[in-house]
Amino acid sequence: MKLLIVEDEVKTAEYLHRGLNEQGYTVDVARTGPDGYALALHHDYDVIVLDVMLPEMDGFAVLRAIRTRKQTPVLMLTARDRVDDRVHGLREGADDYLVKPFSFLELVARLQAVTRRGRSQEPTQLRIGDLEIDLLSRKAYRTGSRLDLTAKEFALLALLARREGQILSKTVIAEQVWDMNFDSNTNVVEVAIKRLRAKVDGPHERKLLHTIRGMGYVLEVRDEEEAP
Amino acid sequence: MTASIARRLAVMFAWASLGVFSLLGFSLQYVLHREFDRHQLSEVNTRLDYVGMMCTRNDSAEKWAGLRAKLDALTPLDGSALFWVIGPDPRFEYGEVPAELRERLRNRTDGTFVLELEGRSMLATARTFPPNGERPEVQIISAVDSTRFRDTLNAFAGALVVLCLAGVAVVAILGHRIAKVGLAPLSSLSQEAQSLSPRDLSQRLRLSPLPRELADLVSSFNGALDRVERAYAQLEGFNADVAHELRTPLANLIGQTQVALAKERTAPELQEVLQSNLEELDRLREIVNDMLFLARADQGETALGRVDTSAAEEVSKTVEFLELLLEEAGVSVRVEGDARTSFERSLFRRAASNLLVNAIEHSERGAEIVVAIAQRESQVHIAVTNVGTPIPEQHLERLFDRFYRVDGARRNSRSNHGLGLSIVKAVAKMHGGSVFAKSTNGCNTVGFTLSDVPAAMGGTGISADPA
């Protein structure tokens with residue numbers, strides 16, 4: 001996946017470059033609007049991360065210029081959380097919008113959502129180690145025996161399973177499972193994970209649901225020696 | 001800038017007095033004119049009556065000679081009053097009858113008329129007397145010079161104009177002085193207002209020595225000062241609170257990073273530090289985001305993504321989200337009533353979630369939280385009630401202030417930074433509503449209203465009672 005970052009803030013550009021590279025993207029960085037525009041035209045990127053506040057030519061202008069020639073998905077970044085900014089950006093053809101300070105996990109999740117649009121359908125059966133999930137019948141099994149999950153617990157498990165190996169922040173989980181798209185400042189997600197973990201991992205040697213402190217949760221099969 | 005009040009008043013006085021004086025002058029002139037006319041007429045007629053009586057008595061030519069001498073005596077030397085007697089017999093005539101008079105009286109018509117004679121204007125009356133003895137029928141004319149009356153009248157009019165103008169000038173000057181004296185409290189007030197310093201916000205304008213008209217102005221001005229002072233005090237406290245709230249995580253970050261770097265550390269140890277740092281940073285991010293949200297509401301941003309929705313439905317969704325917390329706390333929620341209105345769902349859920357979390361935090365195990373939804377006129381009220389320790393009146397008002405905590409202590413509550421209820425207020429404001437809080441019979445109710453009417457200005461006041 002090829003990705004372009006247009007960002008003048010050196011530190012931001014640097015950590016985005018490194019972080020997204022490690023997520024498997026091939027990353028190019030432009031420091032000014034005109035540079036970003038030139039790169040966007042000459043290469044075929046899968047997605048562009050575009051800062052609004054740029055020297056010489058601001059993000060909106062770059063977006064407008066790109067949109068006259070290409071339909072590459074664009075995710076805008078801004079430090080100003082103003083509705084008119086958001087509306088402005090989306091009207092000019094931005095595909096999504098993130099306000100600084102944002103969490104890196106959130107950015108990754110949004111980038112995946114933007115690039116996944118229009119892709120083929122997702123599978124209806126998921127298998128992670130000895131955990132099996134049937135998304136159609138909404139049933140989950142561990143080592144063949146059915147797990148007794150509430151609707152929300154199933155939704156949570158399905159979300160984690162679909163993004164296997166990917167860390168999901170509490171905000172993303174609250175948004176996807178409960179449709180609460182704001183920082184609720186509550187520990188609802190923690191409690192929910194705790195309960196789900198008791199049902200999914202409870203009696204089993206091999207743990208699948210892991211907490212990444214300070215970041216979020218991930219569902220994956222880990223090698224035994226890696227476990228703390 | 002428009003002209004000063006004193007000058008404007010002086011000009012207005014001048015115009016008013018000009019009007020009054022003119023009216024008086026014209027009336028006087030008119031009355032005098034009429035009186036003069038009447039006076040002249042009566043003089044002419046009196047003289048004619050007298051002469052007529054003598055004429056009637058003198059019926060012979062010899063007697064007529066005596067009459068002539070009498071008439072001569074009655075005629076003043078300056079010619080201001082004249083007599084003529086006209087008849088068919090020259091023996092019984094008197095005076096040198098001017099041609100225009102003879103012409104005029106050719107038909108022997110009697111009556112009063114104005115006679116222009118040698119540049120003088122005279123009022124004259126002619127009357128015919130029947131024959132008596134030797135004397136044939138004669139017409140006697142008595143005339144009085146009216147020029148002197150006219151001169152007097154003209155002099156009087158001139159004097160009136162001069163007096164009137166002088167009067168207007170005097171009134172204008174006096175009016176200016178009076179206005180200045182009358183407005184003296186205003187200028188002393190403005191001096192006082194100028195002496196208000198931004199350093200001492202408790203200063204107010206004095207009310208006592210002021211006239212009633214200014215007292216109203218001053219008390220509303222003082223009211224504005226009150227509000228400024230309160231807002232300023234709140235802002236100062238707010239800044240201190242923000243600094244405090246940010247200081248704790250920052251201190252942790254700096255401290256533990258320094259400790260970590262002071263010695264050689266293994267990778268897991270460093271990872272541990274980074275994870276702990278991340279937690280603190282996340283807290284900072286949450287605070288900053290909440291503050292930005294509040295700032296947007298302060299700047300008058302309104303909810304744009306309004307959708308017509310059932311409030312009870314959204315409350316139920318929020319309750320569903322908080323279900324696990326409710327279960328852990330052993331608290332149940334009952335939703336009463338419903339109303340439909342248009343609002344931005346995520347903002348509504350955020351407010352409802354904050355109110356519910358607040359209620360859960362202040363509820364005992366086994367308690368029930370009641371969410372009452374009611375439509376009152378154009379407003380939808382959402383009130384969350386829980387059983388809890390009564391909140392004193394002075395705290396109720398400030399419950400929605402940022403970082404305000406009833407117990408005064410800054411508990412390091414994980415679940416909110418003391419901004420939860422401020423966010424509820426911001427959400428209400430973005431929907432043209434307000435917030436309310438009351439504490440009665442051991443039940444604490446906190447809630448907000450939403451308005452269908454787009455953002456009414458000043459709709460952010462806190463009332464102690466929603467009713």
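Fair warning: this is a prediction, and the values are worked out from it, not measured in the lab. (Residues numbered from 1 in each chain as written. Chains lettered and ligands numbered in written order. Predicted model: local features only at pLDDT ≥ 70, side-chain atom pairs only at ≥ 80, totals over all residues. Heavy atoms only, no water.)

Even after reading the chapter, I still don't get the sheet that holds strand β4 (residues 74–78) of chain A, so can you show me in this structure?
Paired through backbone hydrogen bonds, the strands of a sheet run either parallel or antiparallel to each other. Residue and element names in this part refer to chain A. In space, the five strands of this open sheet follow the order β2-β1-β3-β4-β5, with parallel pairing throughout. At either end of the open sheet lies a strand with only one pairing partner, and these are β2 (26–30) and β5 (96–99). Averaged over all pairs of adjacent strands, the angle between strand axes in this sheet comes to 20°, irrespective of strand direction. Pairing analysis gives five bridges linking strand β1 (residues 2–6) to β2, with the strands arranged parallel. Paired with Leu3 across the strands is Val27, a residue of β2. (Pairing = 2+ DSSP bridges. Helix = DSSP H or I, 4+ residues; strand = E, 2+ residues; numbered from the N terminus. Axes fitted to C-alpha atoms, helices over the stretch in contact; angles between N-to-C directions.)

Any chance you could explain the pattern of salt bridges here in plain terms?
Note that side chains of opposite charge can pair when their charged atoms are close. With the rule as written, the count across this model stands at 38 salt bridges over all chains. Here the salt bridges do not stand alone but share partners, grouping Asp179(A), Glu314(B), Arg345(B) and Arg349(B) into one network. (Salt bridge = Lys/Arg side-chain N within 4 Å of Asp/Glu carboxyl O.)

Where do I start with the interface of chain A and chain B in this structure?
Many analyses report the size of an interface as the accessible area lost when the parts associate. Tallying the contact residues gives 29 residues for chain A and 32 residues for chain B. A buried area of about 2900 Å², summed over both sides, lies between chain A and chain B, and 53% of it is on carbon and sulfur atoms. Taken as a group, Phe182(A), Asn185(A) and Arg213(A) account for 24% of the area that chain A buries against chain B, more than any other trio of residues on that side. Applying the counting criterion to the chain A and chain B interface returns seven salt bridges. Seen at the junction of chain A and chain B, the total is six residue pairs in polar contact (both at pLDDT 80 or more). Mapped onto the side of chain A that touches chain B, the elements with two or more residues apiece are α4 (83–91), α7 (170–178) and α8 (188–200) of chain A. Classifying every residue of the side of chain A that touches chain B gives eleven nonpolar, seven polar and eleven charged. (Contact = heavy atoms within 4.5 Å. Buried area = accessible area lost by both parts, 1.4 Å probe. Polar contact = N/O pair within 3.5 Å; in protein donor to acceptor, adjacent residues only side chain to side chain. Nonpolar A, V, L, I, M, F, W, Y, C, P; charged D, E, K, R; others polar.)

I keep staring at helix α5 (residues 104–116) of chain A and nothing clicks. Help me out?
What sets the pattern is the α-helix's 3.6 residues per turn: residues three or four places apart point alike. Residues and elements named next belong to chain A. Taking 1.5 Å per residue, 13 residues should reach 18 Å; α5 reaches 18 Å between its end C-alpha atoms and fits that length. Burial within α5 is extensive, with eleven of its 13 residues counted as buried. Of the residues making up α5, those classed as buried are Phe104, Leu105, Glu106, Leu107, Val108, Ala109, Arg110, Leu111, Gln112, Val114 and Thr115. Looking at the buried side of α5, the elements it contacts are β1, α1 (10–22), β3 (47–51), β4, β5 and α7. (Expected span 1.5 Å × (residues − 1). Buried < 20%, exposed > 50% of the residue type's maximum accessible area, 1.4 Å probe, protein only.)

Which parts of the structure should I look at to understand the environment of Glu62(B)?
Structurally, Glu62(B) can be placed in helix α2 (residues 61–74). For Glu62(B) and Arg91(B), which are 29 residues apart along the polypeptide, the C-alpha to C-alpha distance reads 9.6 Å.

Please explain the packing of helix α8 (residues 311–329) of chain B against helix α9 (residues 345–361) of chain B as it appears in this structure.
For any two helices packed against each other, the geometry is given by the interaxial angle and the distance between the axes. Residues and elements named next belong to chain B. The geometry of α8 relative to α9 is characterised by a closest axis approach of 9 Å and an angle of 35° between their N-to-C directions. When the axes of α8 and α9 are compared, the crossing they make is right-handed. Within the contact between the two elements, α8 uses Ala311, Glu314, Val315, Lys317, Thr318, Val319, Leu322, Leu325, Leu326 and Ala329 and α9 uses Arg345, Phe348, Arg349, Ala352, Ser353, Leu356, Val357 and Ile360. Here the contact of α8 with α9 is composed, by residue class, of twelve nonpolar, two polar and four charged. (Left-handed = near helix turned anticlockwise from the far one by under 90°.)

What's the story with the sheet that holds strand β7 (residues 131–134) of chain A in this structure? I'm lost.
Residue and element names in this part refer to chain A. A sheet is described by the order of its strands in space; here four strands give the open sequence β6-β7-β8-β9, paired in antiparallel fashion. A single partner strand is all that each edge strand has here, and the edge strands are β6 (125–128) and β9 (145–146). Strand direction decides the pairing type here: β7 and strand β8 (residues 139–142), joined by four bridges, are antiparallel. Paired with Leu131 across the strands is Arg142, a residue of β8. Together, β6, β7 and β8 form the strand contacts of helix α6 (residues 151–162), whose direction differs from that of β7 by roughly 110°.

Can you help me understand the packing of aromatic side chains in this one?
To describe a pair of aromatic rings, you give the distance between the ring centres and the angle between the ring planes. This model, assessed by the stated rule, comprises six aromatic pairs over all chains. Residues Trp178(A) and Phe321(B) carry aromatic rings whose centres are separated by 5.5 Å and whose planes lie at 70° to one another, so their mutual orientation is edge-to-face. Highlighted residues: Trp178(A) in helix α7 and Phe321(B) in helix α8, drawn from two different chains. An aromatic cluster is defined as three or more aromatic residues linked by ring pairs; in this entry it consists of Phe343(B), Phe348(B) and Phe448(B). Stacked on the ring of Phe293(B), the Lys or Arg Arg350(B) has its end atom at 4.4 Å from the ring centre. (Phe/Tyr/Trp six-rings, centres within 6.5 Å; stacked < 30°, edge-to-face > 60°. Lys NZ or Arg CZ within 6 Å of the ring centre and 35° of its normal.)

So, to be careful, I would describe these as geometric facts and stop short of saying anything about function.
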